[in-house]
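# Analysis of the macromolecular model
The chain contents come next:
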Amino acid sequence: MAISPYAGKPAPRELLVDLTRLEREYYERCPDLADLNQLVSFGTSVHRGSPLHGSFTEAHILAITQAICDYQHSQGIDGPLYMGKDTHALSAPAQRTALEVLAANAVETIIQQGDGVTPTPVISWNILVYNRDRQQHLADGIVITPSHNPPEDGGFKYNPPHGGPADLDVTAWVEQRANALLRKGNTSVKRLPFATAIKADTTHQQDFVMPYVEDLRNVVDMDLIRAAGLKLGVDPLGGAARPYWEPINSVYHLDIVVVNPVIDATFSFMTVDHDGQIRMDPSSPYAMARLVGLKDQYRVAFANDPDSDRHGIVVPSVGLMHPNHFLAVAIRYLLTHRQWPAHVAVGKTLVSSSMIDRVVHKLERRLCEVPVGFKWFVPGLFDGSLCYGGEESAGASFLRHDGTVWTTDKDGPIMDLLAAEITARTGKEPGEHYQELEAEFGTPYYTRIDAPATPEQKSRLEKLSPEAVATPQLAGEPIRRKLTTAPGNNAPIDGLKVVTDSGWFAARPSGTENIYKIYAESFKDQAHLETIVSEAQEIVNDALKSSDTGH
């Protein structure tokens, strides 16, 4: 992967987006409906795009919001809708557009007071708290965020009454309906002027901050963190968690320094990511360069992306922890320091590190391995049969102390605070804990690479059968398992995973680009990992060729 000369350096002026042009394009640009890339498309539960490419405009938001209203009506969902937005430039205009449609459809809508921003997990938390013990008139939600994507992007996500990301059947319904509305020029979209919508009887403004902050004591041991007197640092990366950290300090009497308090929709304070893009990714050492530079000033420091569903953990021993490493540490700690029932399982995506498998096996707990995407954890977190769900891209959530659901969406702030709790209870920060895991289980070598693939090849990769892998070995070891469905829930993984005793690879097509991704891991050494990757590419290419010829 080519590394940009800008990587890890402050964003130069020429990289900054023109906010005036961006907003103008949002309102004025008409998507080209003959271009598939400009239609509504829910990759991994979110419609993402940019007005600069005709893929995120007011026309899209009008259509998606009306489609959500139509979906609610079809399902009898008639409780309040909690709507949050992050700090991306397009999130505020999109919220205004959505509110015009929701009010016209008489949907009771609750937003953060004072035009404030709201983290993704706080919307999930609100839905679940409202729906607790209710059987009818259930709440649902909308989160307006493109996650850690560049500043010129927008995103729009629907969370049904279970509080988590909508599943494929829901997003497919909404996508199809929204595109039908778009093709008819949005003539069936109901809409009120914003000045009317914001004052409508169905529009309510509440404080989302303090209720969530006050409830944190029921999922993280805040008293323990306070008693330890840890000096902690946080960089919200200009995101929606920014208004939450001072109240957390105030309520729990903690010593968390907000090292970067700036909110700026150009994200001009960022250091540039590996590919020369501004990307607020707390798992990227390039995007996190400033906080990593402060690692020796704090016992633990952490960051979140703009909608705060992801976390990045910085510690003196290693700097920025790899997401897989912190997840393994978090799982071991939670399984040994929470009084959850012995039968509850640990959820992981099947491209996360096998270090997690070894930790869970050693503690004699059940592992639930699912396809890529946090939506697969929602049912288990919702009913408490999963105590934890986490994915390799630094997103996770876990149950309350009492074993009931906290959120069914990723919660970056509780993962940050868990890193502090681990340090407070054990006297060792998470990087030191991970060194213990490597001493016990070995050192894993992990990578992800992208390879070009045509749309036809991507489609074939999604439909591969285990029989398509003809070779009996991978990197000199017998192949133990060839998976096209996930062991934890038997859902299609839209690709292939091949496992040996000391390594594995998984290949799956990208939902947004003409590439496929290979994830690979070795518990031997770097050379073994490189052999796995090389053979993985051969296996996938051979499988694609053989499926192409019908064998």
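These numbers come from a predicted model, not from an experiment. (Residues numbered from 1 in each chain as written. Predicted model: local features only at pLDDT ≥ 70, side-chain atom pairs only at ≥ 80, totals over all residues. Heavy atoms only, no water.)

## Digging into the sheet that holds strand S7 (residues 203–206)
The strand order S1-S2-S6-S5-S3-S4-S7 describes an open sheet built from seven strands, whose pairing is mixed. Each edge of the open sheet is held by one strand with a lone partner, namely strand S1 (42–43) and S7. Bridge count for strand S2 (residues 46–49) against strand S6 (residues 154–159) is four bridges, and the pairing is antiparallel. Of the residues in S6, the one forming a bridge with Gly49 is Gly154. (Pairing = 2+ DSSP bridges. Helix = DSSP H or I, 4+ residues; strand = E, 2+ residues; numbered from the N terminus.)

## Section: the side chain of Thr120
Take Thr120: it is sitting in helix H4 (residues 120–131). Taking relative accessible area as the criterion, Thr120 reaches 0% and is therefore assigned buried. (Buried < 20%, exposed > 50% of the residue type's maximum accessible area, 1.4 Å probe, protein only.)

## A short note on the sheet that holds strand S8 (residues 231–235)
Strand order across the open sheet formed by five strands is S9-S8-S10-S11-S12, with mixed pairing between neighbours. Strands with a single pairing partner mark the edges of an open sheet, and in this sheet they are strand S9 (255–258) and strand S12 (319–320).

## Considering the pattern of salt bridges
Applying the stated rule across the entire model yields 27 salt bridges. For Glu214, the salt bridge is made with Arg217, and the minimal N-O distance between the two is 3.1 Å. Looking at Arg217, the relative accessible area reads 38%, which means it is partly exposed. A salt bridge links Asp309 to Lys410; the nearest nitrogen and oxygen atoms lie 3.6 Å apart. (Salt bridge = Lys/Arg side-chain N within 4 Å of Asp/Glu carboxyl O.)

## Some remarks on helix H3 (residues 91–104)
Over its 14 residues, H3 extends 20 Å from the first C-alpha to the last, a length consistent with the 20 Å expected when each residue adds 1.5 Å. Among the 14 residues that make up H3, eleven are buried, leaving the element largely enclosed by the rest of the structure. Just beyond H3, the residue with positive phi is Ala106, at close to 60°. (Expected span 1.5 Å × (residues − 1).)

## Details of the pairing of strand S4 (residues 109–112)
Every other side chain in a regular strand lies on the same face of the sheet, so the side chains alternate between the two faces. Sheet topology note: the strand S3 (residues 81–85)/S4 ladder contains three bridges and is parallel. Directly across from Met83, in S4, lies its bridge partner Ile111. Once you follow S3 into H3 and on to S4, the crossover reads as right-handed. Relative to S7, S4 runs parallel, the two being bridged by four bridges. Counted as the bridge partner of Ile110 is His204 from S7. (Right-handed = clockwise from strand over helix to strand, strands pointing away.)

## Considering the nonpolar core
Counting residues in hydrophobic clusters, the biggest one holds 76 residues, and the most contacted among them are Tyr212, Leu216, Trp245, Ile248, Ile256, Tyr388 and Phe398. Top contributing element to this core by residue count: helix H11 (residues 323–337), with nine residues. Leave out the neighbours within four places in its chain, and Tyr388 touches Leu327, Ile331, Leu334, Ala345, Val346, Gly347, Leu381, Ala396, Ser397, Phe398 and Met415. Listed in part, the 42 residues of the second largest apolar core include Ile64, Leu102, Val107 and Val170. (Core = buried A, V, L, I, M, F, W, Y, C linked by side-chain atoms within 4.5 Å. Contact = heavy atoms within 4.5 Å.)

## Some details on the packing of helix H1 (residues 19–28) against H3
Their axes nearest at 10 Å, the elements H1 and H3 cross at an angle of 25°. Classified by the angle their axes make, H1 and H3 are roughly parallel. Crossing hand, H1 versus H3: right-handed. Residues Glu23, Tyr26 and Tyr27 of H1 lie in contact with H3, whose contacting residues are Pro93, Ala94, Arg96 and Thr97. Residue composition of the contact of H1 with H3, by class: four nonpolar, one polar and two charged. (Axes fitted to C-alpha atoms, helices over the stretch in contact; angles between N-to-C directions. Parallel < 35°, antiparallel > 145°, perpendicular 65-115°, else oblique. Left-handed = near helix turned anticlockwise from the far one by under 90°. Nonpolar A, V, L, I, M, F, W, Y, C, P; charged D, E, K, R; others polar.)

## Regarding helix H15 (residues 430–441)
Taking 1.5 Å of rise per residue, the twelve residues of H15 would be expected to cover 16 Å, and the 16 Å separating its terminal C-alpha atoms lies within 8% of that figure. If you check which residues of H15 are buried, you get Pro430, Gly431, His433, Tyr434, Leu437 and Phe441. For H15, the buried positions fall inside an angular range of 155° around the axis, keeping them on one side. Residues of H15 that are buried make contact with strand S10 (300–304), strand S11 (311–315), H11, helix H12 (355–362) and helix H14 (412–426). For H15, the capping residue at the N-terminal end is Glu429, with a side-chain oxygen 2.6 Å from the backbone nitrogen of Gly431. (Arc of directions from axis to C-beta. Polar contact = N/O pair within 3.5 Å; in protein donor to acceptor, adjacent residues only side chain to side chain.)

## Focus on the pairing of strand S21 (residues 492–499)
Across the eight residues that make up S21, a large majority, six, are buried. Two elements, strand S20 (residues 481–485) and S21, share four bridges in a ladder whose sense is antiparallel. Note that in S21 the partner of Lys482 across the bridge is Val498. Count of turn residues in the S20/S21 antiparallel hairpin: six residues, of which Asn490 carries a positive phi of about 65°.

Function cannot be inferred from these measures alone, as they are strictly geometric.
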